[in-house]
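Coordinate analysis (summary)
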Amino acid sequence: MAGSGTGVRPSEARQRLLATATRIFYGEGIHSVGVDRIIAEAKVTRATFYRHFPGKEDLVLAYLQAADRAIRDQVATAVTADLPAPDALRAIAEGIARDIQSPGFRGCAFLNAVAEYPDPDHPAQQAVLTHRQWFLDTISTLMADIQQTEAEPAARHFVMLRDGAMAAGCLFDRGLVCETFLKGVDGLIVAHATRQPA
């Protein structure tokens, strides 16, 4: 398939389908949207859709994989910028805050998706769990660079702060939510840096 790591650029029709699905799935939910609407809004034929995605679930997985890649790229920018670990964590948090304040923000795409796919064996939930484990591992590595003691619990704390900010950003003043989130992350980093080995 084009774009599966072979160096071949994905077809314009596939990109259009994925962009359309991303906009609608994120904005309105996954289960509420049918394939016919995606086909119509992407301006492709049914045959074109099925040539790229054997079914809707394949498109859902492609949507989650694209969201995962976007976040990995954002985090990689902070991690590879030769910043000290505390500053890399703050840069990741600032990227999250920018996302929360962006137009059309509707929470975490992964938490939204897992709410629609409660079966732990479903490929969509597995994609969410894979993404979240990668994020936790990345934050944990940065926390360990600051202080090895209790790095994983500190990383879990960071992820919970992020999840809370993503949820609250849909409901309350986004500026205030982001200010609270960034202060929380800063406090966590400072507290983690001063931990003494057991």
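Look up: the structure comes first, before these words.
In short, a report on the structure. (Residues numbered from 1 in each chain as written. Predicted model: local features only at pLDDT ≥ 70, side-chain atom pairs only at ≥ 80, totals over all residues. Heavy atoms only, no water.)

With 61 residues, the main nonpolar core has Phe25, Ile92, Phe135, Met143 and Phe158 as its most contacted residues. Going through the elements one at a time, helix 1 (12–28), helix 2 (35–42), helix 4 (56–79), helix 5 (85–100), helix 6 (109–116), helix 7 (123–146), helix 8 (151–168) and helix 9 (174–193) are the ones with two or more residues in this core. Among the elements that line this core, the one with the most residues is helix 4, at 9 residues. Every residue in contact with phenylalanine 135, bar those within four places of it in the chain, is listed here: Val75, Ile92, Ile96, Phe158, Val159 and Arg162. (Core = buried A, V, L, I, M, F, W, Y, C linked by side-chain atoms within 4.5 Å. Buried < 20%, exposed > 50% of the residue type's maximum accessible area, 1.4 Å probe, protein only. Helix = DSSP H or I, 4+ residues; strand = E, 2+ residues; numbered from the N terminus. Contact = heavy atoms within 4.5 Å.)

This part is about the pattern of salt bridges. Tallied over the entire structure, the rule returns 12 salt bridges. Between arginine 90 and aspartate 186 there is a salt bridge, with its nearest N and O atoms 2.5 Å apart. One end of the pair, arginine 90, is in helix 5; the other, aspartate 186, is in helix 9, and 96 residues separate them in sequence. For arginine 90, a relative accessible area of 24% translates into the label partly exposed. Residue glutamate 152 pairs with arginine 156 through a salt bridge whose shortest N-O separation is 3.4 Å. Residue glutamate 152 and its partner arginine 156 are both found in helix 8; the two are separated by 4 residues, about one turn of the helix. Note on arginine 156: relative accessible area 40%, which makes it partly exposed. (Salt bridge = Lys/Arg side-chain N within 4 Å of Asp/Glu carboxyl O.)

Among all residues except glycine, the phi angle is most often negative; among peptide bonds, the trans geometry is most common. The backbone of lysine 43 sits at a positive phi, close to 60°, despite the residue not being glycine. Checked against the element boundaries, lysine 43 lands in the loop between helix 2 and helix 3 (46–52). For aspartate 82, which is not a glycine, the phi torsion comes out positive at approximately 60°. Mapped onto the elements of the fold, aspartate 82 is located in the loop between helix 4 and helix 5.

Glancing now at the packing of aromatic side chains. All chains considered together, the criterion is met by 6 aromatic pairs. Taken together, a centroid distance of 6.0 Å and an interplanar angle of 55° make the contact between tryptophan 134 and phenylalanine 135 tilted. The buried category is assigned to tryptophan 134, whose relative accessible area is 17%. Through pairs of rings, three or more aromatic residues link up here, namely Trp134, Phe135, Phe158 and Phe181. (Phe/Tyr/Trp six-rings, centres within 6.5 Å; stacked < 30°, edge-to-face > 60°.)

Before going further, it helps to examine the packing of helix 4 against helix 5. Two elements in contact, helix 4 and helix 5, have axes separated by 8 Å at closest approach and are oriented at 145°. Every pair of crossing elements has a handedness; the one defined by helix 4 and helix 5 is right-handed. On the side of helix 4, the interface is formed by Gln74, Val75, Ala78 and Val79, while helix 5 contributes Ala88, Ala91, Ile92, Gly95 and Asp99. Its residues assigned to classes, the contact of helix 4 with helix 5 shows 6 nonpolar, 2 polar and 1 charged. (Axes fitted to C-alpha atoms, helices over the stretch in contact; angles between N-to-C directions. Left-handed = near helix turned anticlockwise from the far one by under 90°. Nonpolar A, V, L, I, M, F, W, Y, C, P; charged D, E, K, R; others polar.)

For helix 9, spanning 20 residues, the distance from its first C-alpha to its last is 28 Å, which sits close to the expected 28 Å at 1.5 Å a residue. Turning to helix 9, its buried residues are Val177, Cys178, Phe181, Val185, Leu188, Ile189 and His192. Across the axial projection of helix 9, the buried residues extend over an arc of 100°, all falling on one side. Of the residues in helix 9, the exposed ones pointing more than 90 degrees away from the buried face are Leu176, Thr180 and Lys183. Check the buried side of helix 9 and you find it contacts helix 5, helix 7 and helix 8. (Expected span 1.5 Å × (residues − 1). Arc of directions from axis to C-beta.)

That is the geometry; function is a separate question.
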